[in-house]
Amino acid sequence: MKRLLLGAVCAFSLTVGTAVQGGVQAADEITVAALTFVSSSPLFIAQERGYYEEEGLDVSFEFFRAAQPVAVAIASGDADFGVTAFTAGFYNLAANGSLKVIGAQSREEPGFEFSAYLASNAAWEDGLKAPEDLPGHELGITQRGSSFHLMLGLLAEELEFDVDAVKLTTLEAVPNMMSAVSTDQVDAVILPGWLARRIEGEDGGRIIGWVHDYTPYQLGGLFTSSDNVEERRDVVERFVRAYQRGAADYAEAFHQFDEEGNRVFGEEAEALIPIIQQYTDATPDAIKASASYIDPEGALDVGSVYQQVEWLQEQGLVAAQADPASFIDLSFIDSHFNLPE
Amino acid sequence: MAEAVRELKFRGGGFAPGRKRWTALVFFALVLGIWQLAGSRGWVSPLFLPSPLAIFEALRAEAISGNLWIHLTASLQRIGLGWVLGTLAGLALGLAMGLFTLARSVGLPLVSAFFPIPKIALLPLFILWFGIGEASKLVTIGMGVFFPTVVAAYSGVDTVPRNLVRMAQSFSLPYSAIVWKVVLPGAMATIVAGFRITVSLALILVVAAEMIGAEYGLGAFIISAGHLMMTDRLLGGVVCLSILGLLAGTGITLLERRLLHWR
Amino acid sequence: MQVIAEAIGHDYGPLPVLENVDLAVREGEVLAIIGPSGCGKSTLLSILGGLLQPSRGRVLLKGQPQADCLNPLTFVFQDFALLPWRSVAGNVELVLEHHRLGSAERRRRVADALARTGLSDFAAALPKQLSGGMRQRVGIARALAVRPAVLLLDEPLSALDAQTRELLLEDFESLWVRERTTAIYVTHNLSEALRLADRVAVFSRRPGRLKELVEIPLPRGQRSGAQAQVELAALHDRLWGLIRAEAQSAVTELEHG
Ligand SMILES: Nc1ncnc2c1ncn2[C@@H]1O[C@H](COP(=O)(O)OP(=O)(O)OP(=O)(O)O)[C@@H](O)[C@H]1O
Ligand SMILES: [Mg+2]
């Protein structure tokens, strides 16, 4: 129904577009599906600073509470562009052929504290002092195939331990993970750093390491529907350009360090924070604490995606026929790196 | 002149729906056929609506790997135990409310206040109280079963004709005998009708209960499949739940025939 | 055993239903209670049977019931009050189960009660399979099984059709001819009272008072002869006069507020 409506609107704007031919060319209307997370900031910056407009795009946002629906909205054609984290569910959807990854979202980058391994107090007392000690312990995750599960898998590959030696407990949502670890019901969790810090501050657990120190990897991506890539290539190109400008602004503002290697947030950051706040409802401190690394050109760590898919396939969580080559489209951004040969 | 003779027109039909086995089967077959056709002809994407065959295949793969049975037994244990616990507790409070003024005065507002709370919303609390192990799952299912059972039990007691109780009293039957031989059997029809609802509720709630901390179970299977976007497995799990629902319904019908043969 | 009502009065909330009823039921007699509808007959019977606490006055019991009596004051209900999930035998057994009887004695009592009410062939039947008359016979069998000292019957035949009523009436008649079980028999029907009762208590309209106690001097079972009929007709007229006055004023009261 909604799609029909959308179609009707498109058809209508098309006729209007032809009618006013000769005047100002009507902007292409597109819908962006997003989460109200700081990691989606380039999308918001591009909107507020008029980068979309300059590309002749009329962008409206559709906000979701969870990552899955964002991907589904793109696959079903209800939205044109989306940004979320990579999960097994995402890859299964992508393997289906309906969407294409065209750029990068956040990445776990050395020096940028983003996700933390957090041990419960009891487990810490018992000797869980580092990610290396995880085998033989129970790890709380949201779901099989989630980012957290993926992080564990990458860690197991990096440290060469048997991932089955870590007992998994699915807890559905991050708040449940937080309450489970702080009541010693699981030995450890992997949490967004600022939440891990908060729990540690309340004496509810101990941070035993950071993901970026062990397994830097591509957290998520920018994607669009295969139909868009095929039929509205020029719209996609324009959108990617605007997104890259947003990403560059973000990187400029949030990727700064002082001489001692501590992150600093200068004028640029202060200028962007109100924009991000407007969409995420987070406090300036929370924004700074959760400002992850986003590639300034939106470039993907392509090898990382291949590695993720492979591991998830080994676990039986992603369909065997899923082929990253078929759902990553490298043609919109030149600087993608770590390309598999 | 002879009066015209007409046959009387029958006007007493309808309002007595019966059941025909074959119509249901034919209808099901037709729906499945169209569904399968839509899938194999590519009218709908297999991701959005997997075809019946794909669902069957997904289930078969699980069955062959042996996982299906592990999921089934895990869930059946939770459903069974949770249902029994919720039912026993519900019957106890419901019957007490049917019999005693104090229990009724306390119980009625209690039920009204707590019945509408979605147990799923309380799940994080249950986890804090009962942990992420089996206890919180049993509580989730048990709580869902408890309240409708309370309502069924006490309204069941209310439907027991007063004159039967008076009769029993007039023959000096002891209190316990009146409860066991008059009140309980008299309330049984309503209670068993309640079972029909609570068994379905238990099946619904097992999905919520297994959302958290469940390695195995139909609910865990369904939720995980949803997160993984494996819609054929998702619907496969749902089909399993439906079949369990059908079986449970049949079981209740048999129970009704046994317990309420006198009706 | 004798049942004596002493200055019984009863109110349902603000509604006075019985006023100052003094009534002594003699051992072995059948006492019929008649009166206009709503005058408190059922209420009185419940009080006499210990199912209702009277607002005023008290009920006294004099003498001991016979040795094999399990339930001295035993009701037969207008609506039979049978458990629909129990068979005929089961319904009779229900009232014996809590007594310490050997199972042989219990079975004997059930069989005996069913035999006396002509239900032996229907022991296994469920109430829903029986006609109304047979259901009331189960009610009577159940009452007989406990060997009551006093039977309390609240319009036991009024839910039945005329023929069935006649048949059961004959049963009652022969029952009370054979054994002299004390009985209080509430009825609307004058001819029932005249066939069965030794005395007829006529009640006024609500609040019910004992208006008159009429003796029927003819022995039960000898009331069908021509001479008896004449006497009974006279009694009938007298009783009818009493009730009609009450019933009429009850109706008038209703009509004029
Ligand atoms: N439980 C009760 N609460 C309040 N009022 C009652 C109750 N039972 C009976 N009454 C009222 O008390 C009055 C006497 O009732 P009762 O049943 O004793 O009359 P009755 O003489 O047996 O009448 P009937 O001939 O119709 O059976 C009636 O007006 C009735 O409405
Ligand atoms: Mg009455």
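Given the structure is predicted, the values throughout are model-derived calculations rather than measurements.

**Some remarks on the UniProt feature "domain: SsuA/THI5-like" (unreviewed entry) in chain A**
Per the UniProt record, "domain: SsuA/THI5-like" (unreviewed entry) is found at residues 41–251 of chain A. Annotated as 45% helix and 24% strand, the span residues 41–251 of chain A places its first and last C-alpha atoms 10 Å apart.

**Some words on the site of ligand 1**
Residues and elements named next belong to chain C. With respect to spatial proximity, the complete set of residues near ligand 1 consists of Y12, V17, S37, G38, C39, G40, K41, S42, T43, E155, H188 and R206. Between S42 and ligand 1, the recorded distance is 2.7 Å, taken from a side-chain N or O atom to an oxygen atom. A distance of 3.3 Å separates an oxygen atom of ligand 1 from a polar side-chain atom of E155. Burial of ligand 1 by the protein amounts to 60% of the accessible area it has alone, namely 630 Å². Ranked by residue count, the leading element in the shell around ligand 1 is helix 1 (residues 41–48), at three residues. Here the residues of the shell around ligand 1 are counted per class, giving three nonpolar, six polar and three charged.

**What about the UniProt feature "domain: ABC transmembrane type-1" (unreviewed entry) in chain B?**
Residues annotated in UniProt with the feature "domain: ABC transmembrane type-1" (unreviewed entry) correspond here to residues 72–256 of chain B. Along residues 72–256 of chain B the backbone is 84% helical and 0% strand, and the end-to-end C-alpha distance reaches 26 Å.

**A word on the interface of chain A and chain B**
Each partner contributes residues to the interface: chain A has 27 residues there, and chain B has 20 residues. Across the chain A/chain B interface, buried area totals approximately 1900 Å², and carbon plus sulfur atoms make up 59% of it. Linking chain A to chain B there are six residue pairs in polar contact (both at pLDDT 80 or more). Elements with a minimum of two residues in the side of chain A that touches chain B: helix 4 (67–75), helix 5 (88–95), strand 8 (167–170) and helix 8 (174–182) of chain A. Of the residues assigned to the side of chain A that touches chain B, the class counts are nine nonpolar, 14 polar and four charged.

**Description of the pattern of salt bridges**
Residue and element names in this part refer to chain C. Following the criterion strictly, the structure yields 36 salt bridges over all chains and no others. One salt bridge in this structure joins R106 and E93, with 3.5 Å as the shortest N-O distance. A residue pair is termed long-range when its members are at least 10 positions apart, and R106 in helix 3 (residues 103–116) and E93 in helix 2 (residues 88–94) qualify at 13 residues. Put simply, R238 and E212 hold a salt bridge, and the shortest N to O gap is 2.5 Å. Within this pair, whereas R238 is found in helix 7 (residues 226–255), its partner E212 is found in strand 9 (residues 210–215), the two being separated by 26 residues in sequence. Owing to a relative accessible area of 43%, R238 belongs among the partly exposed residues under this scheme. In this structure E212 comes out as partly exposed when scored by relative accessible area, which is 27%. One salt-bridge network, in which partners are shared between bridges, spans D68, D112, R116, R147, R178 and E179.

**Structural notes on the nonpolar core**
In this structure, C:L44, C:F172, C:W176, C:Y185, C:V200 and C:L239 are the most contacted members of the largest nonpolar core, which totals 130 residues. Broken down by element, this core gets its largest block of residues, 17 residues, from helix 8 (residues 175–209) of chain B. A domain split of this core shows at least three residues from each of domain 1 (1–65 + 149–205 + 215–257) and domain 2 (80–147) of chain C. When residues no more than four places from it in sequence are discounted, the contact partners of C:L44 are C:I8, C:L18, C:V21, C:L23, C:I33 and C:F203. Membership of the second largest hydrophobic core comes to 79 residues, among which are A:L99, A:Y117, A:A156 and A:L312.

**With respect to the side chain of C:T187**
Residue and element names in this part refer to chain C. Position of T187 among the secondary structure elements: in the loop between strand 7 (182–186) and helix 6 (190–196). In this structure the side chain of T187 is engaged in a polar contact, spanning 3.1 Å, whose partner is the side chain of E192. Other than its neighbours up to four places away in sequence, T187 contacts I33, I34, K41, E155, E192 and A193.

**Re the arrangement of the chains**
By contact count, the dominant pairing among the two pairs of chains in contact is that of chains A and B. There is a gap between chain A and chain C: no contact, and a shortest C-alpha distance of 49 Å.

**Here we look at the packing of aromatic side chains**
Scanning all chains against the criterion turns up 28 aromatic pairs over all chains. When the ring of B:W83 is compared with that of B:F195, the centres are 5.1 Å apart and the planes differ by 75 degrees; the resulting orientation is edge-to-face. Remark: B:F195 occurs in helix 8 and B:W83 occurs in helix 3 (residues 67–99); sequence separation between them is 112 residues. Through pairs of rings, three or more aromatic residues link up here, namely A:F86, A:F90, A:Y91, A:F223 and A:F327.

**With respect to the sheet that holds strand 8 (residues 199–203) of chain C**
All names here are of chain C. Taking strand neighbours across the sheet as the criterion, the six strands line up as 5-6-7-3-8-9 in an open arrangement whose pairing is mixed. At either margin of the open sheet sits one strand with a lone partner, and together these are strand 5 (73–76) and strand 9. With strand direction ignored, the average angle separating the axes of adjacent strands in the sheet is 20 degrees. Two elements, strand 8 and strand 9, share five bridges in a ladder whose sense is antiparallel. Within strand 9, the residue paired with F203 across the bridge is L210.

**Some words on the UniProt feature "transmembrane region" (unreviewed entry) in chain B**
All names here are of chain B. Mapped onto this numbering, the UniProt entry gives "transmembrane region" (unreviewed entry) at residues 21–38, 81–103, 110–132, 138–157, 178–195, 201–222 and 234–255. For the annotated span residues 81–103, helix accounts for 96% and strand for 0% of the residues, and the straight-line distance between the end C-alpha atoms is 26 Å. Spanning residues 178–195, this segment combines 100% helix with 0% strand, and its end C-alpha atoms are found 23 Å apart.

**Digging into the interface of chain B and chain C**
Listed as interface residues are 17 residues of chain B and, on the opposing side, 23 residues of chain C. Both sides of the chain B and chain C interface together cover about 1900 Å² of buried area, and 66% of this is carbon and sulfur. On the chain B side of the interface with chain C, the three residues burying the most area are B:F171, B:K181 and B:W262, jointly 37% of the side's total. Seen at the junction of chain B and chain C, the total is one salt bridge. In this structure, the salt-bridge partner of B:K181 is C:E97, at a minimum N-O distance of 2.8 Å.

Parameters at a glance
- Residues numbered from 1 in each chain as written.
- Chains lettered and ligands numbered in written order.
- Predicted model: local features only at pLDDT ≥ 70, side-chain atom pairs only at ≥ 80, totals over all residues.
- Heavy atoms only, no water.
- UniProt positions renumbered as here; feature names shortened; annotations may be inferred.
- Helix = DSSP H or I, 4+ residues; strand = E, 2+ residues; numbered from the N terminus.
- Near = heavy atom within 4 Å.
- Polar contact = N/O pair within 3.5 Å; in protein donor to acceptor, adjacent residues only side chain to side chain.
- Areas by Shrake-Rupley, 256 points an atom, 1.4 Å probe, with all protein chains shown as cover.
- Nonpolar A, V, L, I, M, F, W, Y, C, P; charged D, E, K, R; others polar.
- Contact = heavy atoms within 4.5 Å.
- Buried area = accessible area lost by both parts, 1.4 Å probe.
- Salt bridge = Lys/Arg side-chain N within 4 Å of Asp/Glu carboxyl O.
- Buried < 20%, exposed > 50% of the residue type's maximum accessible area, 1.4 Å probe, protein only.
- Core = buried A, V, L, I, M, F, W, Y, C linked by side-chain atoms within 4.5 Å.
- Domains from an automatic or database assignment.
- Phe/Tyr/Trp six-rings, centres within 6.5 Å; stacked < 30°, edge-to-face > 60°.
- Pairing = 2+ DSSP bridges.
- Axes fitted to C-alpha atoms, helices over the stretch in contact; angles between N-to-C directions.

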